[in-house]
Amino acid sequence: KNTRKTKKNLPPGPPRLPIIGNLHQLGSRPQRSMFKLSEKYGSLMSLKYGNVTAVVASTPEMVKEILKTFDVDCCSRPHMTYGARLSYNRNDLGFSPYSQYWKELRKMTVVELYTAKRVKSFGHIRQEEVASFVDFIKQSASLEKQVNFNRKFTNLSASVILRLGFGMSLEGSKLESTCYEVIHGIMEVAGSFAAADFFPIVGGLIDRLTGLHGKCEKVFKAMDAFFDEAIKHHLDDESIKDDIISLLLKMERGEIGLGEFQLTRNHTKGILLNILAAGIDTSAQTATWVMTHLITNPRVMNKVQAEVREVIKNKDNITEEDIEQLKYFKMVIKETHRINPLVPLLIPRETLRDVKIGGYDIPKKTWIHVNVWAVHRNPNVWKDPEAFIPERFLNNEIDYRGLNFELLPFGSGRRMCPGMGMGMGMALVHLTLVNLLYRFDWELPKGMEVKDVDLEESYGLACPKKVPLELIPVITKWT
Ligand code: HEM
């Protein structure tokens, strides 16, 4: 009798195998597998991974319950073995559990680190780096050489973020030759479904056999060596005063406080991880997806180039104010966020206490996945969801600032991306793309047709295009 009384009414979910639960059903792209399963098991679905219980929210209504109505109960993060390693034991913002430390750090991040003022004041860095990127594209165009967007955008984004956040150039730094592999590796490892998280003791062994543990150690060492280099550079040169590292070092020395917390070197490095990984990869891969959708939709490419060339006219120096006027261009960006949300399952959340959602019992410490990929393909909201149609945002107020639960590339609620509002990444994405669309025409490599372009994403915390996008730039009268 007692057992029946206390039995939890969990959401429905697919049948499980002994021990591994549903892990075998996740496949290489869990966002897609979960979307398919949710069509059968519903908008809130239970899964089991070893001894972890998880639920997946897949419709705008259910996501609103989690990220708005019950945000305060669902806003912690689970302990993820490799996320913890990369964030110096969860001393960062993204992997930190919900706590007083997280609250203080989040406040400091919004007020001090990722502010609109900081973004604006470093506008000249973006302008300089984009100008040298345009020069590189010009050279490629005159040699008819193809450009690998995944790599080149990562390097551009890294050059800007390193100067802006770390007061250093990518050139000559310890990351110069390994930047793409390290950044990409961090995102892959941090988003993995790791055996160590679900199977005590034996899980760690499994991850050693699959290579996940080794991969994490390799990227961690490269990243840590770079952080040491950047910090030493600041300690050696006291004239560097205004960037993010100098602010964090002041906090370490106790000259500025973070509530009751005294920052240590591990806190500093954890916070730097968020800037390095979240800042570089997301912007670079968003820009790559935009170019992918444009090259495979020539109608949209022509229309957006016509708008950009009409607005920019013959100005040589494209400013961020010019970009404000580009209405169709902004719809192209929104549609790219919809069809390829870069963080399709957000970062996993964890319930802080028992909570009842949609009539179901969700126990304390349940993992929560918000399947933004599924939400962005919900046929009740989006007509013909697999098609790339920027015009769907014409006379449509849906925006991605976390208030419309139909479009959530940056999440919503307490854990929403703090990098969205101030546009540290998006300002660069906009400026780069407008330059590329204004100055050049674009072609696929010889012998390749639109239908040959692979549109699959790979899986990680962020999901970049799996097969790198390679395009040939063509010189125009605007070059
Ligand atoms: C296209 C660009 C970007 C996209 C699509 C993006 C997306 C996201 C998403 C979906 C989340 C998880 C939200 C959740 O779990 O509810 C997130 C979290 C986060 N993002 Fe971004 N992001 C972008 C750029 C940036 C930039 C430029 C930075 C900083 C330099 C940044 C820093 C962070 C941090 C620190 C978190 C963790 C917040 C927390 O847990 O409190 N992001 N981002």
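No experiment lies behind these values; they were computed from the predicted model shown. (Residues numbered from 1 in each chain as written. Predicted model: local features only at pLDDT ≥ 70, side-chain atom pairs only at ≥ 80, totals over all residues. Heavy atoms only, no water.)

Student: How should the coordination of the iron atom of the ligand be read in this particular structure?
Tutor: Tetrahedral coordination by four donors places them ideally at 109.5 degrees to one another around the metal; octahedral coordination by six donors ideally gives 90 or 180 degrees. Within the protein, just one atom coordinates the iron atom of the ligand: Cys417 (SG), at a distance of 2.3 Å. If you trace the backbone, cysteine 417 turns up in the loop between α18 (372-375) and α19 (418-421). (Donors = N, O, S within 2.8 Å, 3.2 Å for Na, K, Ca; no water. Helix = DSSP H or I, 4+ residues; strand = E, 2+ residues; numbered from the N terminus.)

Student: Quick question: what am I supposed to make of the nonpolar core here?
Tutor: Judged by nonpolar contacts, the single largest core of 72 residues is most densely connected at Tyr49, Leu86, Phe166, Ile186, Met223, Phe226 and Leu276. The biggest single contributor to this core is helix α12 (residues 212-236), with nine residues. Excluding residues that lie within four positions of it along the chain, leucine 86 makes contacts with Ile186, Val189, Ala190, Cys216, Val219, Phe220, Met223 and Leu273. Of all hydrophobic cores here, the second largest spans 57 residues; its members include Val160, Val332, Leu431 and Val453. (Core = buried A, V, L, I, M, F, W, Y, C linked by side-chain atoms within 4.5 Å. Buried < 20%, exposed > 50% of the residue type's maximum accessible area, 1.4 Å probe, protein only. Contact = heavy atoms within 4.5 Å.)

Student: Is there a simple way to think about the sheet that holds strand β4 (residues 349-350) in this case?
Tutor: Each strand in a sheet pairs with its neighbour through backbone hydrogen bonds, running either in the same direction (parallel) or in the opposite one (antiparallel). Pairing is mixed in the open sheet, where four strands are placed in the order β1-β2-β7-β4. In this open sheet, the two strands that pair with only one neighbour each are β1 (44-49) and β4. Examined bridge by bridge, β1 and strand β2 (residues 52-57) share six bridges and lie antiparallel to one another. Bridged to methionine 45 within β2 is valine 56. Each of β1, β2 and β7 (367-370) is contacted by helix α2 (residues 30-41), which is oriented at about 125° to β1, the strand it contacts most. With respect to the sheet, helix α3 (residues 60-69) is in contact with β1, β2, β4 and β7, its orientation differing from that of β7 by roughly 130°. (Pairing = 2+ DSSP bridges. Axes fitted to C-alpha atoms, helices over the stretch in contact; angles between N-to-C directions.)

Student: Sorry, what's going on with the pattern of salt bridges here?
Tutor: When the charged atoms of two side chains with opposite charge come close together, those side chains can pair. Tallied over the entire structure, the rule returns 33 salt bridges. Residue aspartate 354 is joined to lysine 8 by a salt bridge in which the shortest nitrogen-to-oxygen separation is 3.8 Å. Taken as a pair, aspartate 354 in the loop between β4 and β5 (355-357) and lysine 8 in the loop between α1 (2-6) and α2 lie far apart in primary sequence, 346 residues in all. On the basis of relative accessible area, lysine 8 is assigned to the partly exposed category, the value being 43%. (Salt bridge = Lys/Arg side-chain N within 4 Å of Asp/Glu carboxyl O.)

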